[in-house]
Amino acid sequence: MAPWHVGLIGFGEVGGIFGRALAAQANVAGVCAWDVRFADDAAFRAQVPKPIMVTTGCAALCERATLIISAVTAANTLAAAVETAASIRPGAFFLDLNSASPGAKQQAGRAIEAAGAHYVEAGVMTSVPPYGIRVPMLLGGSYAAALGPALAALGMDAKPVSERIGIASAIKMSRSILIKGLEAIVIESFTNARRYGVEDHMLPTLDETFPGIDWQRLGGYLFSRVAQHGKRRAEEMREAARTVEETGIAPIASRAIADKQQWVAQLAQAGAFDGVSECDGWRAYADRVIQHTT
């Protein structure tokens, strides 16, 4: 394929990682970006590194881009697609990285395809930062098989799994229920044990039941991830709850997980975890939770 003109919708952690990596690719003619925060946050806008071009809006980005990558928050998945559909070039590709329900992805796909462009959903199957642009992704949609090799040539690990939009998302969301649920359960269980002063009795029982897991280390990692990204995780879990609800099953656990993630996010926003990092261990996080809630 001819060199891509890449447009990034959303320039948070994921958008920044993909933007920097793609700007260095030989088969990329240029990278431009748009984020709603650019409009009124000059400091945030100034963080976009060269040669990535900051555009004046979604429409300006669509004028240039032959491959648009959407990396917004889960709650804005459909809105970003609808706005893009108003200006996207016919024949352009729209790669949706967002963690949204199959129903939301299908609606987004219809909007993009009605504009004459090609929608491909991506289920990002693990945390992006350790892998960067090589993060494992599952692709879905009628153009997934066509786009997959092109993404591989750009350095991505993208595997087509279905011609149906929503299948990759269903895989991603089903996994998220377990991963984010484990985070929520560990935070509640470990903090509760810490509050009662029984962690030295409780944790050895976990080691005995699950001898392959280092619970001390895992606890620190899970606490740190939720403290840092709880708001985003809560949004993703609301989409996971929608995914369950779309099947007719009551998303009781998924909603509770979203609530716990949001609760931790609110503590983080209030400064509860300032100065604490993963290397301090889970007890440091639990102590801050206890300090700010009792």
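Our subject is the structure listed above.
Residues numbered from 1 in each chain as written. Predicted model: local features only at pLDDT ≥ 70, side-chain atom pairs only at ≥ 80, totals over all residues. Heavy atoms only, no water.

S.K.: Run through the packing of aromatic side chains, naming residues and quoting values.
M.R.: Evaluation of the coordinates by the stated rule reveals twelve aromatic pairs. The interplanar angle of 65° and the centroid separation of 4.9 Å between the aromatic rings of Phe190 and Trp282 together place this pair among those described as edge-to-face. Note that Phe190 is positioned in helix H7 (residues 167-196) and Trp282 in helix H11 (residues 282-293), a separation of 92 residues in sequence. A relative accessible area of 1% places Phe190 in the buried class. Geometrically, the ring pair formed by Phe273 and Tyr285 is tilted, given 5.7 Å between the ring centres and 50° between the ring planes. Of the two residues, Phe273 sits in the loop between helix H10 (252-269) and H11 while Tyr285 sits in helix H11, which places them twelve residues apart along the sequence. With respect to class, Phe273 is no different from Tyr285; both count as buried. Here the aromatic cluster, defined as three or more aromatic residues joined through ring pairs, consists of Phe190, Phe210, Trp215, Phe223, Phe273, Trp282 and Tyr285. Looking at Lys260, its charged tip hangs above the ring of Trp263, at a distance of 4.4 Å from the centre. (Phe/Tyr/Trp six-rings, centres within 6.5 Å; stacked < 30°, edge-to-face > 60°. Helix = DSSP H or I, 4+ residues; strand = E, 2+ residues; numbered from the N terminus. Buried < 20%, exposed > 50% of the residue type's maximum accessible area, 1.4 Å probe, protein only. Lys NZ or Arg CZ within 6 Å of the ring centre and 35° of its normal.)

S.K.: Please provide a residue-by-residue account of unusual backbone geometry, values included.
M.R.: Here Lys50 and Pro51 are connected by a cis peptide whose omega angle stands at 10°. Counting through the fold element by element, Pro51 comes out in the loop between helix H2 (42-46) and strand S3 (53-54).

S.K.: Which residues make up the environment of Glu278, and what values do they have?
M.R.: Note on placement: Glu278 falls in the loop between H10 and H11. Overall, the relative accessible area of 37% leaves Glu278 in the partly exposed class. Sequence-wise, Glu278 and Arg225 are 53 residues apart; in three dimensions their C-alpha atoms are separated by 8.4 Å.

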